[in-house]
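# A look at the structure
Chain by chain, the residues run as shown.
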Amino acid sequence: MEKKNSFHPVIGRIFRAFVCAFIYICFRPSVRYRDKEKIKSLKDKPVIFIFNHTSYYDGVLASVITRKFRPYTVVAKDWYDKKGINFFIRLNRSIPIDRKNPDAEWFLTAEKMIKLGHSVCIFPQGSISRGGETKPYHPGFAMLAMSTGAPVVPVAIGEKYRIIFGKRQKILFGEPVYCEVPENTRRSTAARQVSGQMQARTEKLLCEIKNIEYKGDNSHDQTGNSGENQIDARREPSYTARGT
């Protein structure tokens, strides 16, 4: 798989610079942070960024707003192999995932990239959602976090893209969370629980962007009273997720 991405690095850098200019000219992203200092503290470290997914533009936007973390973006294999655009998708540092016949190949590649110091952008819904509601998150990102020790940062992207004119595209970064699995616990079980809680966090960020009240199940996302960004594991004792 790595050979498929073995373009000359200069060509890749030039292309990514063009993509960055395109995104900032067309969508003028307005990026905010729950805690900017915590995100800045992760510089030069691999991070797993998870996003809600509402548009085909999400992938390139994600790669641009996280570019300082040298990310690889997980993309659907049917797009990765699509004639006419696959060359550009691969230039933008992508990892294909087969949604119809899932296997471990994407996971092993993402794991390798993280060990090499790259970050990974993932859309856990697996497909685009319409109408303002997020689809259930798949737990692959949580498994990856538990395997590599990389922190997970939830990111909310505003739903409507307006090219050049109109409101700027809004993005809100949440706080990083580390996922740990205690002894005698199935990693798959822990990953499903973390996945649900991280989805709740992303939905809260999206509500903050929209300036509306979050009406989801708060039991999925408990924040301690100590001031730290820490999911309360007492309700779900099969894993631990702690903030930085």
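See the structure printed just above.
Just so it is clear, the structure is predicted and the values come from calculations on it, not from any experiment. (Residues numbered from 1 in each chain as written. Predicted model: local features only at pLDDT ≥ 70, side-chain atom pairs only at ≥ 80, totals over all residues. Heavy atoms only, no water.)

## Remarks on the pattern of salt bridges
As a reminder of what qualifies: The term salt bridge refers to a side-chain nitrogen of Lys or Arg lying within 4 Å of a carboxyl oxygen of Asp or Glu. Runs of E in the DSSP output that reach at least two residues are strands. Runs of H or I that reach at least four are helices, and both are numbered from the N terminus. Buried residues are those whose accessible area, probed at 1.4 Å on protein chains only, stays under 20% of the maximum for their type, while exposed residues exceed 50% and partly exposed ones sit between those limits.
Taken as a whole, this structure holds six salt bridges when the rule is applied. The shortest N-O distance in the salt bridge between Glu-208 and Arg-34 comes to 2.8 Å. With Glu-208 in helix H8 (residues 187–210) and Arg-34 in the loop between strand E1 (30–33) and helix H2 (36–40), the pair connects residues that are 174 residues apart, well separated along the chain. Take Glu-208: its relative accessible area is 33%, and that puts it in the partly exposed class. Taken together, the shared-partner salt bridges in this structure form one network comprising Lys-77, Asp-81 and Arg-90.

## Notes on the pairing of strand E3 (residues 71–76)
Stated formally: Pairs of strands are assigned from DSSP output, requiring at least two bridges between the strands.
E3 sits mainly inside the fold: six of its six residues count as buried. Two strands pair when backbone bridges link them, and E3 and strand E4 (residues 94–97) are joined in this way by four bridges, in the parallel orientation. Of the residues in E4, the one forming a bridge with Val-74 is Ile-95.

## Some remarks on the environment of Arg-168
Quick reminder of the rule: Pairs of residues are marked as contacts when any of their non-hydrogen atoms sit within 4.5 Å. By the criterion applied in these results, polar contacts are pairs of N or O atoms within 3.5 Å in which, for protein atoms, one can donate a hydrogen and the other can accept it, and in which residues neighboring in sequence qualify only through two side-chain atoms.
Mapped onto the elements of the fold, Arg-168 is located in the loop between strand E6 (152–157) and strand E7 (170–173). In this view, Arg-168 contacts Phe-27, Arg-28, Pro-29 and Ser-30; residues no more than four positions away in its chain are not counted. Reaching out from Arg-168, the side chain makes a polar contact with the backbone oxygen of Pro-29 at a distance of 3.2 Å.

## Quick word on unusual backbone geometry
Non-glycine residue Arg-28 carries a positive phi angle of around 45°. Examined against the element boundaries, Arg-28 turns out to sit in the loop between helix H1 (9–26) and E1. Taking relative accessible area as the criterion, Arg-28 reaches 29% and is therefore assigned partly exposed. Phi is positive for Asp-44, close to 70°, though the residue is something other than glycine. Mapped onto the secondary structure, Asp-44 falls in the loop between H2 and strand E2 (48–51). Residue Asp-44 is classed as exposed on the basis of its relative accessible area of 70%.

## Some thoughts on the side chain of His-53
Turning to its location among the elements, His-53 is positioned in the loop between E2 and helix H3 (58–65). Judged by its relative accessible area of 14%, His-53 falls in the buried class. Here the side chain of His-53 touches Ser-55 through a polar contact of 3.5 Å, landing on its backbone oxygen. Every residue in contact with His-53, bar those within four places of it in the chain, is listed here: Asp-58, Phe-123, Gln-125, Ser-127, Ile-128 and Ser-129.

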